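# Structure assessment
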Amino acid sequence: MPEMKTIQTSAVAEAVAAMCIEANHFLTDDMKAALSRAGESEIAPLGKQVLGQLQQNLEIAGEDHIPICQDTGMAVIFVEIGQEVHIEGGFLEDAIQEGVRRGYTEGYLRKSVVRDPLDRVNTGDNTPAVIHYQIVPGDEMKITIAPKGFGSENMSRIFMLKPADGAEGVKNAILTAVRDAGPNACPPMVVGVGIGGTFEKAALLAKKALTRPVDRRSADPYYSAMEQELLERINRSGIGPGGLGGSTTALAVNIETYPTHIAGLPVAVNICCHVNRHAVRVL
Amino acid sequence: MDRHLKVPMEEQELLSLRAGDYVYLTGTLYTARDAAHKRMYEALRAGEKLPMPLEGNFIYYMGPSPAREGRPIGSAGPTTASRMDKYAPELLDLGLKGMVGKGRRSEEVRQAIIRNGCVYFAAVGGAGALLSKSITSSRVIAYEDLGTEAIRELTVEEFPVIVVIDSKGNNLYDIALEQYSKEE
């Protein structure tokens, strides 16, 4: 029998708190590079000015420790737990929520979560986070935190297409979602797409797609080409930075797929603004 | 065209603004977003007074992150304006002169802007750290229990915005698409 590795829940809470703060103040290198490249290639003067402001905003956020965006999001957390991991010190989920509570309170992050979708009373500490667990081989625990702002979340869509709609139907669905999002989603956006699976699987794939580096194309050449084609078409839409017009509407289209049912073709489009944040740690 | 203007704004200056103008605002803005708008709407239904003077003033659709010690405010960028579309026409008819937010507005809001000679500005979404630097003071004046959604009186200095819908109803988002779309 393989050795079990013990992970203390206190270490999980500590990591989660630190990652919430980190993700809200610093973009990953791939996002920074993509924004910087966009600043050079943008054709619209106003668009270029907006991209310049976004660069400046990132510098101020990092140097003065001010969140990149005031919408510090609802914390979406992916936890991949190696099946040889033994968790000690309490219930894992409590530790994760405790980490979110501490990160958002100690890190001066905005508390944007309400306890009930209809009575809308703020929970005051940004909990609960939305947590997705996955059991994987190995003896490590990988935690990815992606604080999700709702300007862009609100513009996300799911389409239950028919198999006969095919690739054209999928592309049209994605382009429709992006066009409808327009200036509301704080472009330049990152477009996370999930194709296949079931209703909820497609949405989860789309969310996960947003955590893939924007400079890494799909490993499948067919979908890699589709990502490239869609990115070019989206950037011909004219929406531009801030929706004020230009050639930079999206920084990347990331597509994830899964087998699906003979009768269905689910397509989920999870749109993220240019503050496509995440932090990753392996315990 | 770059303009440097005081808020509240002289009527003549407001009416001369055109979609696409880049404007630096100095003066007072009031913050209100979803929950504060809902409360103001209910106050009006109940025949109560609003917690801030609407006449001639500007609302910034914004809920900041908490301020660190010694700073007036945390990150402070615009939120999506369309969620306030249900409430905006009534406020504009009652004297509100302008709104700062981001994203599209409904046709009802555009008509209320034209009818009352108002303006809708966008600030750059997702640039909350940068925008916070143009806010010199912030004071909660109503609905404190709403936390980030409370109504705040902000003093701004050279706060950068862009005219999206001007008093004639011209809409920069539509103009931008006509100008830059290369779709077949």
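## Comments concerning the overall build of chain A
- Per the secondary structure count, chain A includes eight helices and 10 strands.
- Along the three orthogonal principal directions, the C-alpha set of chain A runs to about 55 × 50 × 40 Å.
- Within chain A, the proportion of its 283 residues that are buried is 54%.
- When contacts within chain A are restricted to residue pairs at least 6 apart in sequence, long-range pairs at least 24 apart make up 81% of them.
- Surface summary for chain A: the accessible area is close to 11600 Å², and the carbon and sulfur share equals 55%.

## Describing the overall build of chain B
- Along the backbone of chain B there are six helices and seven strands.
- In chain B, the succession of α and β elements from N to C terminus is β-α-β-α-β-α-β-α-β-α-β-β-α.
- In summary, chain B has a C-alpha radius of gyration of 16 Å against a globular reference of 16 Å for 184 residues, a match within 12%.
- Based on the C-alpha atoms only, the size of chain B along its principal axes is roughly 50 × 40 × 35 Å.
- In chain B, which comprises 184 residues, the share counted as buried stands at 59%.
- Long-range pairs, those at least 24 residues apart, make up 62% of the contacts in chain B between residues at least 6 apart in sequence.

## Some words on the environment of Leu231 of chain A
Residue and element names in this part refer to chain A.
- Relative to the helices and strands, Leu231 resides in helix α8 (residues 221–235).
- As for Leu231 and Leu251, which are separated by 20 residues in sequence, their C-alpha atoms are 7.5 Å apart.
- Among all residues touching Leu231, those that are not within four sequence positions of it are Ala250, Leu251, Ala252 and Val253.

## Points about the sheet that holds strand β8 (residues 250–260) of chain A
Residues and elements named next belong to chain A.
- Spatial strand order, β6-β9-β7-β8: four strands in an open sheet with mixed pairing. Pairing within the sheet leaves two strands with one partner each, and these edge strands are β6 (157–161) and β8. Going from strand to strand, the sheet's axes swing by 15° on average, the running direction of each strand aside.
- Pairing of strand β7 (residues 189–197) with strand β9 (residues 265–272) involves six bridges; the strand directions are antiparallel. When the sheet's bridge partners are listed, Gly194 is paired in β9 with Ala268.
- Its contacts with the sheet place helix α7 (residues 199–209) against β6, β7, β8 and β9, and it is angled at close to 145° to β7.
- Across the sheet, α8 lies against β7 and β8, angled at about 140° from β8, the strand it touches most.

## Quick word on the pairing of strand β5 (residues 119–122) of chain B
Residues and elements named next belong to chain B.
- With burial as the criterion, each face of β5 is covered, one bearing Val119 and Phe121 and the other bearing Tyr120 and Ala122.
- Bridge count between strand β4 (residues 98–101) and β5: four bridges; the pairing is parallel. Pairing of Gly101 across the sheet is with Ala122, part of β5.
- With three bridges joining them, β5 and strand β7 (residues 151–165) adopt antiparallel strand pairing. Within β7, the position partnered with Ala122 by the bridge is Ile162.

## Some thoughts on the side chain of Thr31 of chain B
All names here are of chain B.
- Along the chain, the position of Thr31 falls in strand β2 (residues 22–31).
- At 3.4 Å, the side chain of Thr31 and the backbone oxygen of Ala150 are in polar contact.
- Setting aside residues up to four positions removed in sequence, Thr31 forms contacts with Tyr60, Met62, Ala150, Ile151, Arg152 and Leu154.

## What to know about the interface of chain B and chain A
- With 44 residues of chain B in contact, the opposing surface of chain A contributes 45 residues.
- For the pair chain B and chain A, the two sides together bury roughly 3600 Å², of which 54% comes from carbon and sulfur.
- Considering only the side of chain B, the residues that lose the most area to chain A are Arg68, Arg104 and Tyr180 of chain B, jointly responsible for 18% of the buried surface there.
- The tally of links from chain B across to chain A stands at one salt bridge.
- The tally of links from chain B across to chain A stands at 21 residue pairs in polar contact (both at pLDDT 80 or more).

## Topic: the domain arrangement of chain A
Residues and elements named next belong to chain A.
- Entries for chain A in the domain assignment read domain 1 (5–25 + 68–148) and domain 2 (151–276).
- Taken over C-alpha atoms, the centre of domain 1 sits 26 Å from the centre of domain 2.
- Taken together, the contact between domain 1 and domain 2 spans 11 residues of the former and 12 residues of the latter.
- For the pair domain 1 and domain 2, the two sides together bury roughly 780 Å², of which 72% comes from carbon and sulfur.

Conventions and cut-offs
- Residues numbered from 1 in each chain as written.
- Chains lettered and ligands numbered in written order.
- Predicted model: local features only at pLDDT ≥ 70, side-chain atom pairs only at ≥ 80, totals over all residues.
- Heavy atoms only, no water.
- Helix = DSSP H or I, 4+ residues; strand = E, 2+ residues; numbered from the N terminus.
- Buried < 20%, exposed > 50% of the residue type's maximum accessible area, 1.4 Å probe, protein only.
- Contact = heavy atoms within 4.5 Å.
- Areas by Shrake-Rupley, 256 points an atom, 1.4 Å probe, with all protein chains shown as cover.
- Rg over C-alpha atoms; globule rule 2.2 N^0.38 Å.
- Pairing = 2+ DSSP bridges.
- Axes fitted to C-alpha atoms, helices over the stretch in contact; angles between N-to-C directions.
- Polar contact = N/O pair within 3.5 Å; in protein donor to acceptor, adjacent residues only side chain to side chain.
- Buried area = accessible area lost by both parts, 1.4 Å probe.
- Salt bridge = Lys/Arg side-chain N within 4 Å of Asp/Glu carboxyl O.
- Domains from an automatic or database assignment.

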